[in-house]
Amino acid sequence: MSHQATLTYDKQLLRRAVLAFWRRSVGISLPLALSFATIAFVWLLVDGESSWFIGALGAALAFAFAIVLAIYVVHYRSVMAKLHDMGRPQAVFTADASTFSVSSGIGSSTMQWSSVVEIWCFPGFWLLLFSKAQFITMPLETVSPEMQVFVLRAVQASGGKVIGFTAKFENVA
């Protein structure tokens, strides 16, 4: 049985998707650790410390903040460039028992369900992850509940994880 949906994208949706990816990728522990390290750094500076350790700590903090910011900026710019390249901001998502296809104005791709290592479910959209840094956004507005369940089951059946799915799908296993 094959399922098909036309996915419609816009800047607001993609901005939310990249922010959701960034938040889940960076997590809570890294910002907490950076906050504590920054407080310690400022405390030491105010206390008059000026050793090589303070310089190294400052450089490490600057590098860490740059990496955290770069994760967001790189994905955001990439997603917006792809949206612009699409012309018409729509893609057709087709799913069957063993594969799924995505086609838009910039091309098409067919992949095995096993290529999706995780689905991160958020209100209004899902992120289908192929690696820690590679994903596609699946807006749910035009995806039927039956197709949503089908996608979740196909990913789980091929060994992928489903994270954060809503209450209406809690019995999907």
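Going by the structure above, here's the rest.
Since the structure is predicted, the reported quantities are computational estimates derived from the model, not experimental observations.

Conventions we followed
- Residues numbered from 1 in each chain as written.
- Predicted model: local features only at pLDDT ≥ 70, side-chain atom pairs only at ≥ 80, totals over all residues.
- Heavy atoms only, no water.
- 1 Å grid on protein atoms, 1.4 Å probe; cavity = no way out; pocket = protein on both sides within 12 Å on 5 of 7 lines; lining within 4 Å.
- Points joined across faces, edges and corners; volume = space filled by probe spheres on them.
- Helix = DSSP H or I, 4+ residues; strand = E, 2+ residues; numbered from the N terminus.
- Nonpolar A, V, L, I, M, F, W, Y, C, P; charged D, E, K, R; others polar.
- Expected span 1.5 Å × (residues − 1).
- Buried < 20%, exposed > 50% of the residue type's maximum accessible area, 1.4 Å probe, protein only.
- Contact = heavy atoms within 4.5 Å.
- Polar contact = N/O pair within 3.5 Å; in protein donor to acceptor, adjacent residues only side chain to side chain.

Student: Break down the layout of surface pockets for me, with residues and values.
Tutor: Of the pockets and cavities examined, the largest pocket occupies roughly 680 Å³. Lining the largest pocket are 25 residues, and of these Lys82, Ile106, Phe135, Ile136 and Thr137 sit closest to its centre. For the lining of the largest pocket, the elements supplying multiple residues, two or more each, are α3 (52–86), β2 (90–95), β3 (99–104), β4 (107–112) and β7 (135–139). The element that contributes the greatest number of residues to the lining of the largest pocket is α3, accounting for seven residues. For the lining of the largest pocket, the residue count by class is 16 nonpolar, eight polar and one charged.

Student: So, helix α1 (residues 11–26): which residues are in play, and what are the values?
Tutor: Its 16 residues place the ends of α1 22 Å apart at the C-alpha level, agreeing with the 22 Å of an ideal helix rising 1.5 Å per residue. Along α1, the positions that sit buried rather than exposed are Leu13, Leu14, Ala17, Val18, Ala20, Phe21 and Val26. On its buried face, α1 sits against β1 (3–8), α2 (29–46), α3, β5 (118–122), β6 (125–129) and β7. For α1, the N-terminal cap is Asp10; the gap from its side-chain oxygen to the backbone nitrogen of Gln12 is 3.1 Å. Backbone geometry just after α1 places Gly27 at a positive phi near 75 degrees.

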